[in-house]
Amino acid sequence: MKKAIFIVVFGIFVLLTAPVSLADVESLNSVVAVVNKEIITQAELNAAEAEAKQQLAASANPNALSDTKIRQMVLKQLIDQKLQLETAKNANLSMSDAQTNQAIEHIAKQNNITVSELKDKLAQQGVKFSTYQKLIHDQMLVHLVQQNAVGAKVHVTDADIQAARQAYQSAMASQQQ
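Residues numbered from 1 in each chain as written. Predicted model: local features only at pLDDT ≥ 70, side-chain atom pairs only at ≥ 80, totals over all residues. Heavy atoms only, no water.

Visitor: What's the story with the overall build of the chain in this structure? I'm lost.
Guide: Counting its secondary structure elements, the chain contains eight helices and two strands. Counting only contacts in the chain whose residues sit at least 6 apart along the sequence, the fraction spanning at least 24 positions is 60%. Summed over all atoms, the accessible surface of the chain reaches about 13600 Å², with 58% contributed by carbon and sulfur. (Helix = DSSP H or I, 4+ residues; strand = E, 2+ residues; numbered from the N terminus. Contact = heavy atoms within 4.5 Å. Areas by Shrake-Rupley, 256 points an atom, 1.4 Å probe, with all protein chains shown as cover.)

Visitor: Quick question: what am I supposed to make of the pairing of strand β2 (residues 38–41) here?
Guide: Moving residue by residue along a regular strand, the side chains alternate between the two faces of the sheet. In the sheet, strand β1 (residues 31–35) pairs with β2 via four bridges, with the strands oriented antiparallel. By the bridge assignment for β2, V31 is matched with T41. Where β1 folds back onto β2 in an antiparallel hairpin, the turn is made up of two residues, including N36, whose phi is positive at roughly 55°. (Pairing = 2+ DSSP bridges.)

Visitor: Quick question: what am I supposed to make of helix α4 (residues 67–90) here?
Guide: Count 3.6 residues to each turn of an α-helix, and residues three or four apart come out pointing the same way. With 24 residues, α4 should cover 34 Å at 1.5 Å per step; its first-to-last C-alpha distance of 34 Å lies within 8% of that length. Restricting attention to buried positions, one finds in α4 the residues I70, V74, L78, K82 and A88. Looking at the packing, one finds that the buried side of α4 touches β1, β2, α3 (42–57) and α7 (129–151). N92 lies just past α4 and shows a positive phi near 60°. (Expected span 1.5 Å × (residues − 1). Buried < 20%, exposed > 50% of the residue type's maximum accessible area, 1.4 Å probe, protein only.)

Visitor: Help me understand a nonpolar patch on the surface in this model?
Guide: Judged by side-chain polarity, V150, V154, V156 and I161 come together as a nonpolar surface patch covering roughly 350 Å² of accessible area. Secondary-structure assignment places V150 in helix α7. (Patch = residues over 30% accessible without salt bridge, like charges linked within 9 Å, V, L, I, M, F, W, Y side chains within 5 Å. Salt bridge = Lys/Arg side-chain N within 4 Å of Asp/Glu carboxyl O.)

Visitor: Would you explain the packing of aromatic side chains in this entry?
Guide: Pairs of aromatic rings are described using the distance from one ring centre to the other and the angle between the two planes. Within this structure, the stated rule accounts for one aromatic pair. Note on F129 and Y132: the rings are 6.4 Å apart at their centroids and 35° apart in plane angle, and the pair reads as tilted. Here the residue F129 and the residue Y132 both occupy positions in helix α7, the gap between them amounting to three residues, near one helical turn. Of note, K119 hangs over the ring of F129, and the distance from its end group to the ring centre comes to 4.7 Å. (Phe/Tyr/Trp six-rings, centres within 6.5 Å; stacked < 30°, edge-to-face > 60°. Lys NZ or Arg CZ within 6 Å of the ring centre and 35° of its normal.)

Visitor: Is there a simple way to think about the nonpolar core in this case?
Guide: One broad rule of soluble globular proteins: the nonpolar side chains tend to lie buried together. The biggest cluster of nonpolar side chains holds 13 residues, and the ones touching the most others in it are I104, L118, Y132, I136 and M140. Elements represented by at least two residues in this core include exactly α5 (97–110), α6 (115–124) and α7. With five residues, the top contributor of residues to this core is α7. If we ignore the near neighbours within four places in the chain, the residues touching M140 are M95, Q99, T100 and A103. By size, the runner-up hydrophobic cluster in this structure holds eight residues, among which are V35, L56, I70 and L78. (Core = buried A, V, L, I, M, F, W, Y, C linked by side-chain atoms within 4.5 Å.)

Visitor: Got a minute to help me understand the environment of V74 in this structure?
Guide: Note that V74 resides in helix α4. The spatial distance from the C-alpha of V74 to the C-alpha of N46 is 9.3 Å, given a sequence separation of 28 residues. Apart from the residues within four sequence positions on either side, V74 is in contact with L45, A48, E49 and A52.

If you want it as structure tokens, here you go:
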């Protein structure tokens with residue numbers, strides 16, 4: 001009994017003597033959005049926003065969007081991703097580690113580098129390989145969800161293909177004239 005009281009008193013002492021550091025932790029990782037049973041934290045939003053800004057800075061028009069607009073777009077993307085990952089989970093869709101690693105090997109091959117070199121480049125950018133694997137895994141799951149959603153609704157017949165081919169050939173013939 002005395003041991004339990006000591007633990008409680010010690011816990012209260014720690015909480016009372018360190019309120020600043022606990023407040024800092026909370027403000028760094030506060031909840032930004034709740035998506036069904038999932039949350040999006042401030043840290044997630046900040047990381048995704050920094051990535052988006054980095055990609056925009058490398059584009060032809062780096063000042064195309066305001067910081068507010070970027071933040072709104074990034075948050076919307078994070079919400080959409082959480083919803084799609086939840087859909088994958090509910091539909092029992094999954095990606096194996098082997099499939100994820102095969103995709104990473106394909107990405108490395110497309111960039112004319114080895115997986116080892118890809119790991120080095122990620123490390124230079126401060127990205128853990130495990131984080132990259134999860135990103136690729138999640139992207140593949142989202143793609144699978146999208147394929148299943150569209151594939152169930154789209155039915156292309158041979159007549160549709162023939163009509164598209166004729167329209168394309170007509171368009172090409174009129175451009176050559």
